[in-house]
Amino acid sequence: MEVESFEDEGVAKLLNDWFVSIKVDREERPDVDKVYMTYVQALYGSGGWPLSVFLSPDLKPLMGGTYFPPDDKFGRPGFKTILRKVKDAWDSKRDVLVKSGAFAIEQLSEALSASASPSKLPDGLPQNALRLCAEQLSGNYDSKYGGFGSAPKFPRPVETQLMLYWSKKVEDTGKLHEADEALKKVFFSLQCMAKGGIHDHIGGGFHRYSVDECWHVPHFEKMLYDQGQLANVYLDAFSITKDVFYSCVSRDIFDYLRRDMIGQEGEIFSAEDADSAESEGATRKKEGAFYVWTNKEVEDILGEHATLFKNHYYIKPMGNCDLSRMSDPHHEFKGKNVLIERHNPAEMASKLGMPVEKYLDILGECRQKLFEVRLSRPRPHLDDKVIVSWNGLAISSFARASKILKGENEGTKFEFPVVGYDPQEYMEVAEKAASFIRRQLYNEQTRRLQHSFRNGPSKAPAFLDDYAFLISGLLDIFEFGGGIKWLRWATELQDTQARTDVQTFVFQDGLFLDREGGGYFNTAGEDPSVLLRVKEDHDGAEPSGNSVSAINLVRLASLVAGSKSDRYRQNAEHLLAVFETRLKDMAMAVPLMCCAADMVTVPSRKEVVLVGHKPSVEFENMLVAAHASYDPNKTVIHIDPSNKEEMDFWEGNNSNIAVMAKNNFVADKVVAIVCQNFTCKAPVADPESLKVLLSLKSTSA
């Protein structure tokens, strides 16, 4: 519509004569978008973007819809017709329209303010929801191309997280075949995505989604929230398999972000557009122009290795967007090639009579040559907004990578675009991004965040997702080796998010928590122009703030003790009770919440406490061992008894940890204590012994 309607002179005249046009950046103001998207979905049964809504002067919705063609066709009214009809209705039936809009908002407000009088879910429901979601996803599994659904295919990492969690759960109860079947679906899906055109083989990172069922032709936009979540699920796959295929995909994402998406102060930018000019000076942009290749371009650039590369990436003289009738229905990519791997490197190398290592080296060299040529093309627009929630997702993955990737075999060889950094550098990236947010978007006096930054902080206050995703990232920084200051800030964000005046603190939960009804609203409710406060539960392209908050509360409850721990757990239980119907009837819509609901029922999380001097190689090795295996119901605490700041924190928040540190401190050793169900194993002082302890079957199932 941007080109068809909003750049059309006739449409512009109607808009300017009859309406006050307001363009909303839904990334900048998701609260405003949510109000009117909810209205359109309730009215018509579906929604989407672009979203056009007509409002009264007091912002009540009168009518709306998604895509409108500029003129009437295919039985659909054109945008010009819509504008004329809205104007006529406003002139002739204004009172009816206004009352209708006000009534719609009242009804939506009542429907969306879900609450729960019981303060926890019924017994058995969390386990049933988890099983139901896994079964529903398995029923939608595409055994030919991977993924859980049909075209267009979105990565939706929360689905992968659910299946990995479910697999671990059933494995711990001895159902090994069932666990293995779930893992096979996940691993095949991750492999197909990484080999597909949705993955940028030349520059790294993933595009938004695939228009076809085979992950081939994507919508070429790159979003930070996808990168952060996908890096995490590939890290999880590596933790389980120790297959460097998955670790290399994670590194590919991280190295793309480091090269193209991180500012001078460590802030991580939001997105890169899908379209760009085909050449310098071109007036029109085209989808994917920066990323696609002609057969001749590849031959001219790669010379003697062109045939090998073309066979590997399915490059054809007439273009390769022919794997599905949905790949290129309008022939936009005629003569163009979107790289996709359709053959096994070992098999291809064998056919050529060369070692697979040499084959992979050649592919890496070819990718680098194409990358260097691609640098001369006009780049897609970089959206350099810094959004707190999306940075939180990326911070989490960078922090986790700093230890998980230490599990790669020594001497692992990396091919372009993977650089092969020391994993510890990824922790530095996480801490720099978190420091930027604290410095630029956090007010130490009010203890409140702003939502985003571009040439300065935005006026919009942070929303639930910003707090929830950032707290999750900060917990990961701490658990994967960061300083106690990050854990302190995470608890501060959870507990004292705002000070309304000199005397009064608004506790976490004061900004968003519905103390009576349970669960979190998406906004603080302070802006009267935002007509709805919603308790979001849908785990879509991004997880819901409520799902992430529930998991944060479970994690925090395992880190601290006493009444504070009890309060965290009670808030998590009450939150989940709000969404009982959703968990029972539509589990597949809330996969991460299904995981959270199960986590709350785990009687005792496995707790690993590391005690010793920091920093040291020995401490680092023990941290790597503590995180070597996949276990979402595990908490890792590390403490240096000679560090006053750390001891003060634990003495004030969980004296058991402080006592454990004092009693197990040995000057020249790092000691690990593994506890569960109020029982601790004998301390161990070497990484391999710790790995053995953590590999014992969990008693949390």
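One numbering rule holds for all chains: residues counted from 1, following each sequence as written. Local features in this predicted model are restricted to residues whose pLDDT is 70 or higher, and side-chain atom pairs enter the listing and the counts only when it is 80 or higher, whereas totals over whole chains, interfaces and linings include all residues. Neither water nor hydrogens contribute to the side-chain values; these are computed over all heavy atoms in the structure.

Caption draft 1: View of the overall build of the chain. Each helix is a run of H or I in the DSSP string that is no shorter than four residues. Each strand is a run of E no shorter than two, and both are numbered from the N terminus. The helix and strand tally for the chain stands at 26 helices and 19 strands. In terms of overall dimensions, the chain is globule-like: its C-alpha atoms have a radius of gyration of 26 Å, near the 27 Å expected for 701 residues. For the chain, the spread of C-alpha atoms along the three principal axes comes to 80 × 75 × 45 Å. The buried label applies to any residue whose accessible area, calculated with a 1.4 Å probe on protein chains only, is under 20% of its type's maximum; exposed applies above 50%, and partly exposed to all values in between. Scored against the burial criterion, the 701 residues of the chain give a buried share of 56%. Taking as baseline every contact in the chain between residues at least 6 positions apart, the subset at least 24 positions apart corresponds to 67%. Across the chain, 83 positive and 102 negative side-chain charges occur, with their mean positions spaced 1 Å apart. In this setup the radius of gyration rests on C-alpha atoms only. A globule is expected at 2.2 Å times the number of residues raised to 0.38. Should any heavy atoms of two residues lie within 4.5 Å, those residues are counted as being in contact. The convention is simple: Lys and Arg are positive, Asp and Glu are negative, and His and the chain ends are not counted. A charge is said to be at NZ when it belongs to Lys, at CZ for Arg, at CG for Asp and at CD for Glu.

Caption draft 2: A look at the pairing of strand β2 (residues 61–65). Most of β2 sits inside the fold, with four of its five residues counted as buried. DSSP bridges decide pairing: two strands pair if at least two such bridges lie between them. Pairing analysis gives four bridges linking strand β1 (residues 52–55) to β2, with the strands arranged antiparallel. Each residue of the ladder has a partner; that of L55, found in β2, is P61. Where β1 folds back on β2, the antiparallel hairpin that results is connected by five residues, among which L59 adopts a positive phi of roughly 75°.

Caption draft 3: Representation of the pairing of strand β18 (residues 671–676). Summarising burial for β18: six of the six residues are buried, a large majority. Neither face of β18 is exposed, since V671, I673 and C675 on one face and A672, V674 and Q676 on the opposite face are all buried. The sheet contact formed by strand β16 (residues 606–611) and β18 spans five bridges and is antiparallel. Looking at the pairing, V608 lines up with V674 of β18. Inspection of the sheet shows β18 paired to strand β19 (residues 679–680) by two bridges, in the antiparallel sense. Residue C675 lies in a different strand from β19, and its bridge partner there is C680. Once β18 ends, the chain turns through two residues before running back antiparallel as β19, passing N677 with a positive phi of about 55°.

Caption draft 4: Molecular detail of the nonpolar core. Nine residue types can take part in a nonpolar core, namely buried Ala, Val, Leu, Ile, Met, Phe, Trp, Tyr and Cys, and a core is a set of them joined through side-chain atoms within 4.5 Å. Counting 139 residues, the largest nonpolar core has Y234, L449 and W650 as its most contacted members. For this core, the element with the most residues is helix α16 (residues 464–479), which contributes ten residues. Sequence-distant contacts of Y234, that is, excluding residues within four places in its chain, are made with L190, M193, A194, F206, Y246, V249 and S250. In this structure, A306, L308, M348 and F371 belong to the second largest nonpolar core, which totals 20 residues.

Caption draft 5: Spatial organisation of the environment of G64. On the secondary structure map, G64 appears in strand β2. Separated by eleven residues in sequence, G64 and V53 have C-alpha atoms that sit 4.0 Å apart. The residues contacting G64, other than those within four sequence positions of it, are Y39, V40, Y44, S52 and V53.

Caption draft 6: Representation of the sheet that holds strand β5 (residues 222–223) within the structure. With antiparallel pairing, three strands are arranged side by side in an open sheet as β5-β6-β9. In this open sheet, the two edge strands, each paired with only one partner strand, are β5 and β9 (382–383). Looking at chain direction, strand β6 (residues 271–272) and β9 are connected through two bridges and run antiparallel. Bridge pairing links E272 to L382 in β9.

In short, shape yes, function no, at least from these values alone.
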